[in-house]
Amino acid sequence: MKLNLDIRIYIAGHRGMVGSAIWRKLEAEGYTNLIGKTSTELDLRNQAAVREFFEKEKPEVVIDAAARVGGILANNEHPYQFLMENLQIQNNLIDTAFHAGVDKFIFLGSSCIYPKLAPQPLKEEYLLTAPLEPTNEWYAIAKIAGVKACEAIRKQYGKDYISLMPTNLYGPFDNFDLKTSHVLPAMIRKFYDAKQKGDLPVTLWGSGNPMREFLYVEDLAEAVVFAMENKFADNLYNVGTGKDLTIRELAELIQKIVGHTGEIIWDSTKPDGTPRKLMDVSKMERAGWKAKTSLEEGIKRTYAWFLENQESYKKVKL
Ligand SMILES: NC(=O)C1=CN([C@@H]2O[C@H](COP(=O)(O)OP(=O)(O)OC[C@H]3O[C@@H](n4cnc5c(N)ncnc54)[C@H](OP(=O)(O)O)[C@@H]3O)[C@@H](O)[C@H]2O)C=CC1
Ligand SMILES: C[C@H]1O[C@H](OP(=O)(O)OP(=O)(O)OC[C@H]2O[C@@H](n3cnc4c(=O)[nH]c(N)nc43)[C@H](O)[C@@H]2O)[C@@H](O)[C@@H](O)C1=O
């Protein structure tokens, strides 16, 4: 059920694709006391600055949507930053929130925390049962540490700290930079640019054979607000659609939506990453939440947003 609409809610990473979607959803639900700081205003890697911020702002709920985030190449080429920066950010947020007496904390991990070759669909209990996918094990280990920190606070101190594991996300305010982005925004940008130049060929990475699940970011935001307004019985919940497709099928779908008619070339020098990471989303469904936006509808909305914003919105993160 709804919390008091003037409760002080801190959304870490409120300008990101996920954080901004959560912010919009909370505003739409009538929450009036939303707190956000840009990374220039508050570098979450700085523990002293985070402690000072909590003393001043006194948030009652914390939603952690701040992290060093990127696609398969960014993760593979910057392992130290993806491990260390994410450990610093989440440890400062979780530990400071706990010591400041925050009773509700929502940590966002990722489906890449599960073993590379775990049975599919991935259940929450598969965590730590086998080796991780090498291209993003650094990021995954940081995220697993965040899951365990929240689990320990829940178990030892009885605080309502929970971890949501979203699948691959996409939508408005995504990162469309071709070096650091995830596959879906990269395909939108590549097919659009190639179409503009007379349907030139589009080069995509890997074999096209891996499978991925994609959740529209506004559905995730709804899941996060649902988790904020309800007391969950457990610590760890997968958040996804429970459906996946091959990267090749994704390319054909986006090519159709964008209206590109040129050739697709597959660059096998780029990594495929994990062959599949379809999540079992039944635990979250039993808790009362289910995704509703279809992949085709979500891509159409994202493409429309991209066309309206592509000039002003260049999010390059390295
Ligand atoms: N995108 C995806 O496919 C998935 C994302 N997630 C998770 O969702 C969360 C958000 O991801 P997403 O929105 O895609 O990422 P974005 O890169 O869009 O947003 C990340 C946010 O984190 C903030 N941030 C990064 N470093 C710092 C820092 N040192 N100090 C303060 N703020 C910082 C950025 O702030 P600023 O803009 O002010 O610089 C930015 O707003 C992450 O936890 C990610 O792991 C999980 C599964 C899939
Ligand atoms: C959310 C999740 O996202 C990351 O994992 P990932 O899903 O493997 O990342 P990705 O979206 O970048 O790639 C998905 C697939 O798509 C293929 N692919 C084709 N062509 C392009 C292309 O042009 N760009 C990209 N990025 N990938 C491409 C690519 O080769 C791969 O096979 C984690 O690092 C981590 O951040 C995480 O948790």
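Preceding block: the structure.
Notes on the structure in this doc start here. Throughout, a residue's number is its position along its own chain's written sequence, starting from 1. Ligands are numbered from 1 and chains lettered from A, in the order in which they are written. The predicted nature of this model means local features are confined to residues of pLDDT at least 70 and side-chain atom pairs, given and counted, to a pLDDT of 80 or more, with totals for whole chains, interfaces and linings taken over all residues. In computing side-chain properties, one takes all heavy atoms of the structure into account and sets aside hydrogens as well as water.

1. A short note on the pattern of salt bridges
Move 1: By definition, a salt bridge exists where a carboxyl oxygen of Asp or Glu is found within 4 Å of a side-chain nitrogen of Lys or Arg. Per the stated rule, a full pass over the model turns up 27 salt bridges.
Move 2: Between Arg45 and Asp43 there is a salt bridge whose closest N-O contact spans 2.7 Å.
Move 3: Burial classes follow relative accessibility: with a 1.4 Å probe on protein chains only, a residue under 20% of its type's maximum area counts as buried, one over 50% as exposed, and anything between as partly exposed. Given a relative accessible area of 40%, Arg45 falls into the partly exposed group.
Move 4: Glu133 is the partner of Lys116 in a salt bridge, and the nearest nitrogen-oxygen pair spans 3.2 Å. Here Lys116, found in the loop between strand S4 (104-108) and helix H5 (137-157), pairs with Glu133, found in the loop between S4 and H5; they are 17 residues apart in sequence, far enough to count as distant.
Move 5: Relative accessible area serves as the criterion here: at 26%, Lys116 is assigned to the partly exposed category. For helices the rule is a DSSP run of H or I covering at least 4 residues; for strands it is a run of E covering at least 2, with both sets numbered from the N terminus onward.

2. Regarding the site of ligand 2
Move 1: The environment of ligand 2 is formed by 22 residues, the closest being Ser110, Asn168, Lys190, Pro271 and Asp272.
Move 2: Counted as a polar contact is a pair of N or O atoms within 3.5 Å, where, for protein atoms, one must be capable of donating a hydrogen and the other of accepting one, and residues adjacent in sequence contribute only when both atoms are in side chains. Contact distances for ligand 2 include 2.9 Å between an oxygen atom and a side-chain N or O atom of Asn75.
Move 3: Look at ligand 2: alone it shows 700 Å² of surface, and the protein chains cover 98% of it.
Move 4: Across the shell around ligand 2, the residue classes break down as 10 nonpolar, 8 polar and 4 charged. We define proximity as follows: a residue is near a molecule or strand when any one of its heavy atoms falls within 4 Å of that partner. Here the accessible surface of atoms and residues is derived via Shrake-Rupley with a 1.4 Å probe, and residues count as covered only by protein chains that are part of the display. Gly is placed with the polar residues, together with every amino acid not listed as nonpolar (Ala, Val, Leu, Ile, Met, Phe, Trp, Tyr, Cys and Pro) or charged (Asp, Glu, Lys and Arg).

3. Some thoughts on the nonpolar core
Move 1: Tyr10, Leu44, Phe54, Leu93, Phe105, Tyr114 and Tyr161 are the most contacted members of the largest nonpolar core, which has 39 residues in total.
Move 2: At the level of secondary structure, the elements contributing two or more residues to this core comprise strand S1 (9-12), helix H2 (47-57), helix H4 (79-99), S4, H5 and strand S5 (160-166).
Move 3: Residue contacts are defined here by distance: any two heavy atoms, one from each residue, within 4.5 Å place the two residues in contact. Dropping the residues within four chain positions of it, Leu44 is found in contact with Tyr10, Ala12, Val50, Ala66, Gln88, Ile89, Asn92 and Leu93.
Move 4: Among the nonpolar cores identified, the runner-up in size contains 35 residues, and Ala65, Leu169, Val217 and Met228 belong to it. For the purposes of this section, nonpolar cores are sets of buried Ala, Val, Leu, Ile, Met, Phe, Trp, Tyr and Cys residues that join through side-chain atoms within 4.5 Å.

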